[in-house]
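Take a look at the letters that make up each chain.
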Amino acid sequence: MSKIICIYLMLSHLYFNGRVIRTRGFIVFRNKLRFYSEQKNLDLLAIERKWRERWKQLKNRPKNQENKQKFYILAMFPYPSGMLHMGHVRVYTISDTISRFRKMLGHEVIHPMGWDAFGLPAENAAIEHGIHPVDWTVSNIKAMKMQMEKILTDFDWDRELSTCNSDYYKWTQYLFLKLYKNGLAYQKEAVVNWDPIDQTVLANEQVDGEGRSWRSGAKVELRKLKQWFFKITDFAEPLLKDLDKLNEWPDRVKQMQRYWIGKSEGAEFDFIVNLNRKYRETTFLIKVFTSRPDTIFGVRYLAISTDHALVSKDFLQSDVYSKVLKLAEEMKQYLIGANEKKKSTKGINTGLYATHPITGATIPIYVASYVVSDYGTGAVMGVPAHDQRDWNFTKANRIVDEKDIRRVVKPYSAKFIEECEVYTSYGILTSDCGQYAGMSSENAINAIVNDAEKRGYGRSAVQYRLRDWLISRQRYWGAPIPMIHCSRCNVVPVPESELPVILPTNISLTGRGGSPLKYVKDWLNTKCPKCHGPAERDTDTMDTFVDSSWYFMRYTDPNNILLPFSHDKASKYLPIDVYVGGVEHAILHLLYSRFFTKFLYKLGMYKPIHNNTQGRDEPFRQLVTQGMVHAKTFKDPLTGRFLKPEEVDLSNPNEPIQKSTRLAPEISFEKMSKSKYNGIDPEITIEKYGADATRLHMLYKAPVSEILEWEDSSIVGMQRWILRVWRLVESIANFPRQSDDLILNMSMMSNEEKETYRLINFTIKELTTIFYDTYSFNTAVSYLIKLTNHLTSISPNVNMSRPVYIYGVKCLVKMMAPMAPSLGEEFWEVLNKGRGTRTIFEESWPKVDNKGLSVEEVTCIVQINGKMRFSLQVPSSILKDNLMVEMLIRKSNNGQKWIEENQTGKKIKRVIHANGGKIVNFVFENNQRKE
């Protein structure tokens, strides 16, 4: 007992009473009993309330941000629905953890929050509840802001914005005018979903699977209305090319954007149509794009869209024209969601013919339902032998017999394809290809296009799947489009000095009759800025994606009343260093944000001052896409019906029983929804377990990018860990010590202390990498649990005043603080007894001592003919010296026994060193030996 300075006896008990964790135990100091905690209550909610209030007070303290490295961390801002769901909790926990870590690194951190407040959901809710969208939105923002505080997020509320406030959408309108003046905003006719009963435009999500309006039940029609567009196609190539610079974006997100932009390189050919127009011979030119010029000799028909310029009474027979109009009506239903295969084979023979530009052959022209006017030229060539859709269309419309289908490309291998097969790959051109016969597809493409350019019937061309961005919405709750319609001057922009065009509040929302703005006469009627005559405002509002395509820029300078943001501030803080959000936004939101950023950079509105190899005109340096949160569902095994929680007997959670049938229900984890009765209310969870435990569970349960299967029961594991850390904190807080200065001198450490110091530094190193780069927070929690277990296991044998032990507990608390902030604060305050900094987040993140990472001795496993026989401690410095390691092994007592004595007369065949010298296998010639 004389050598033992402190014996730590743990006779502890755990009591989980919701968010209150109770413990009791004692410590013996030199045979003197001292209780460290007598029925100590760790009231998680009380701790959280305490630190939420303390943080509010600290927010008012002046901050010195000079000469600090900037770090802009942003979570996608939410639509203010009125209630956070678990998906919100996950994304904000991730961004908050990163933000707090960066503050401990000493960075100037921007972590703002705002509200994507415009949009259809608020308008529908206002109609349903009889409340104005303004009141609905303001009330919901207030509720969600309180919920965000409860999950302990540290947002920069002084940068808060809401897209429905005029001081924000004034600048959305300003940017619209910049796009307009630069030729990137224009009006044209476009097809929309039209409800003939409510007389309004519907979003795609408002049309059900049968093509009916969600509100009126009317069969939805497709109508052409004049709409506003942004010319995003002008930026198609840089949007595509610069994806290669985004090294810190998930590959699947970049691939989704590549597909959406859809670049096709090929050629455009001219087909001449001879027409008899009102008894007068004339010609008509059809331009056709193809990505496979090598198949030009296999063309058997041309296909045009229903609204192609050739579809006219002047060119078509009256009966054919009527059939085309009928097909166009049918296509409206196809576009709304009918059978895709049926859609792709519907066609009408126009009775017209085109001349093949190379062979001079006569080619029939069909109106085809699969051709759309806004992609390419609205005309494509049909090559049935080398395109499956063309093959299906040819057979369905009996264009030519199968025996007459011309196969103009054959596989590189000698074996030719069967008559009924469609060959779509590159190959060798056949004898039907004239002078190009025998060429490979690659060589033939170049040759055919070069000849076409020389002779004037074709040219190389590039097409994109990407279409211009339709931003018009015939609804109320959105930013008004700042344009004026004058009978004399046509369309005139609102002068910048008259912005914002305020959204009127004196409206009546019924969901019928189109946009209610056209009925607010005192708002609608205005003067033309050009001729000062009577005019009307544009009654469309902007797509909410416009609001969210630049909000991250406004955060850099949210109170600017002269500009959307100052050049200097945007240049200082952009790009965003880490952007966190759901993968469901991988295409539109991210693509539109990239478009806006490139445009504003080109306009000179900002110029990043930081080195950024990923492109100075890209908005987000690193993209982190978190997985969804799924919850447990129960299904009736007989009917497949989802069961409500009250229909399931969970008295034994491991063996749930359906109450009505006494059968075991089918159990699965699925996306949370009301229809599946598996929604989890974050507020109830936090009230029951505490926000810190909930956050830790959220981070530990699954990797950030993976689906998280939520189970309340497993939060208890996090509470147990919290309790073990609390014991360590109390063990130091209750131990009298003379000084707060920690002197970590490895030469004065015992072997056990050196191992502890090594594990501390290893944990710091791994967590720094995780928090800095990989965001594998589940692994981070695992490392901290291992460190906790180690410190707990050695505590009975270590003097609790020893610097390495105190240092280990302090590092542990610092490293858990970004993930569990109020507990980190509380534990730090207890450790320091109120001395020092006012918050742990003003403390520095622990630094790695590389000397502490090195191990003086390691355990070497010794095998004889592959079987482990003994282990030996050897100096780590000689691990790479195989002969020295073998000599130490053979000279040891166990080496004498197992190698020298038991293997007398046997030769060592070879010695195998593995695992960096930590495993050594002696292989003898004869495997039989004395045991």
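Within every chain, residues take consecutive numbers counted from 1 along the sequence as written. Confidence filtering applies because this is a predicted model: local features only for residues at pLDDT of at least 70, side-chain atom pairs given and counted only at 80 or more, and all residues used for totals across whole chains, interfaces and linings. Water and hydrogen atoms were dropped before computing side-chain values, which therefore reflect all heavy atoms in the structure.

Under an unreviewed UniProt entry, the name given to the chain is leucine--tRNA ligase, and the organism recorded is Rhizophagus irregularis. Under the UniProt heading Sequence similarities (unreviewed entry), the note attached to the chain is "Belongs to the class-I aminoacyl-tRNA synthetase family." UniProt positions are given in the numbering used here, feature names are shortened, and annotations may be inferred rather than shown by experiment. As recorded by UniProt, the Catalytic activity (unreviewed entry) comment attached to the chain reads in full: "tRNA(Leu) + L-leucine + ATP = L-leucyl-tRNA(Leu) + AMP + diphosphate".

Asker: Please set out the layout of surface pockets residue by residue, giving values where relevant.
Answerer: A volume near 1,100 Å³ is recorded for the second largest pocket. Among the secondary structure elements, those contributing two or more residues to the lining of the second largest pocket are helix 1 (44-59), helix 2 (86-104), strand 6 (108-110), helix 4 (133-150) and strand 8 (156-162). Residues that form the lining of the second largest pocket fall into these classes: 12 nonpolar, 7 polar and 18 charged. A 1.4 Å probe that fits into a set of points on a 1 Å grid over the protein atoms alone but cannot get out defines a cavity; an open set with protein on both sides within 12 Å along at least five of seven lines defines a pocket, and lining residues are those with an atom within 4 Å of a point. Grid points are joined across faces, edges and corners, and a volume is the space filled by probe spheres set on the points. Segments assigned H or I by DSSP are reported as helices when at least four residues long, segments assigned E as strands when at least two residues long, and all are numbered from the N terminus. Residues are grouped as follows: Ala, Val, Leu, Ile, Met, Phe, Trp, Tyr, Cys and Pro are nonpolar; Asp, Glu, Lys and Arg are charged; every other residue, Gly included, is polar.

Asker: Before we move on, could you go through a nonpolar patch on the surface and cite the residues and values that matter?
Answerer: To count toward a patch, a residue needs a relative accessible area above 30% and no salt bridge. Like charges then connect within 9 Å, nonpolar side chains (Val, Leu, Ile, Met, Phe, Trp, Tyr) within 5 Å. Accessibility throughout is a Shrake-Rupley quantity obtained with a 1.4 Å probe, and a residue counts as covered only by protein chains that appear here. Each reported salt bridge corresponds to a side-chain nitrogen of Lys or Arg within 4 Å of a carboxyl oxygen of Asp or Glu. On the surface, a nonpolar cluster with roughly 340 Å² of combined accessible area is contributed by Ile561, Leu562 and Leu563. Along the chain, the position of Leu562 falls in the loop between helix 14 (551-554) and helix 15 (567-573).

Asker: Which residues make up helix 11 (residues 441-455), and what values go with them?
Answerer: Expected helix span is computed as 1.5 Å times (number of residues minus one). Its 15 residues give helix 11 an end-to-end C-alpha distance of 21 Å, which sits within 8% of 21 Å, the value for a rise of 1.5 Å per residue. Within helix 11, burial applies to Ser441, Ala444, Ile445, Ala447, Ile448, Val449, Asp451 and Ala452. One or two steps after helix 11, the chain reaches Gly456, where phi turns positive at roughly 85°. Note on classification: 1.4 Å probe, protein chains only; a residue is buried when its accessible area is under 20% of the maximum for its type, exposed when over 50%, partly exposed between these limits.

Asker: A description of the UniProt feature "domain: Aminoacyl-tRNA synthetase class Ia" (unreviewed entry) in the chain should follow, citing residues and the corresponding values.
Answerer: Mapped onto the present numbering, the UniProt feature "domain: Aminoacyl-tRNA synthetase class Ia" (unreviewed entry) falls on residues 466-631 and 670-706. Summarising residues 670-706: 49% helix, 5% strand, and an end-to-end C-alpha distance of 13 Å.

Asker: Would you mind going over the pattern of salt bridges in detail, with residue names and values included?
Answerer: If you walk through the whole model with that rule in mind, you get 45 salt bridges. Residues Lys150 and Glu683 are paired through a salt bridge, measuring 2.8 Å at the closest nitrogen-oxygen approach. You can see Lys150 sitting in helix 4 and its partner Glu683 sitting in helix 17 (residues 682-689), a full 533 residues away along the chain. For Glu683, a relative accessible area of 32% corresponds to the partly exposed category. Here the salt bridges do not stand alone but share partners, grouping Asp242, Lys245, Arg594, Lys598, Asp617 and Glu618 into one network.

Asker: Give me the sheet that holds strand 34 (residues 708-710): which residues, what numbers.
Answerer: If DSSP finds at least two bridges between two strands, the strands pair. Ordered by their spatial adjacency, 3 strands build an open sheet running 33-30-34, and the pairing between neighbours is mixed. In the strand order of this sheet, the two ends are held by strand 33 (666-671) and strand 34, each with one partner. Averaged over neighbouring strand pairs, the angle between their axes works out to 40° when direction is ignored. Strand direction decides the pairing type here: strand 30 (residues 629-635) and strand 33, joined by 6 bridges, are antiparallel. Counterpart to Thr633 in the pairing with strand 33 is Ser668. Each axis is a line fitted through C-alpha atoms, taken for helices only over the stretch in contact, and angles between the N-to-C directions span 0 to 180 degrees.

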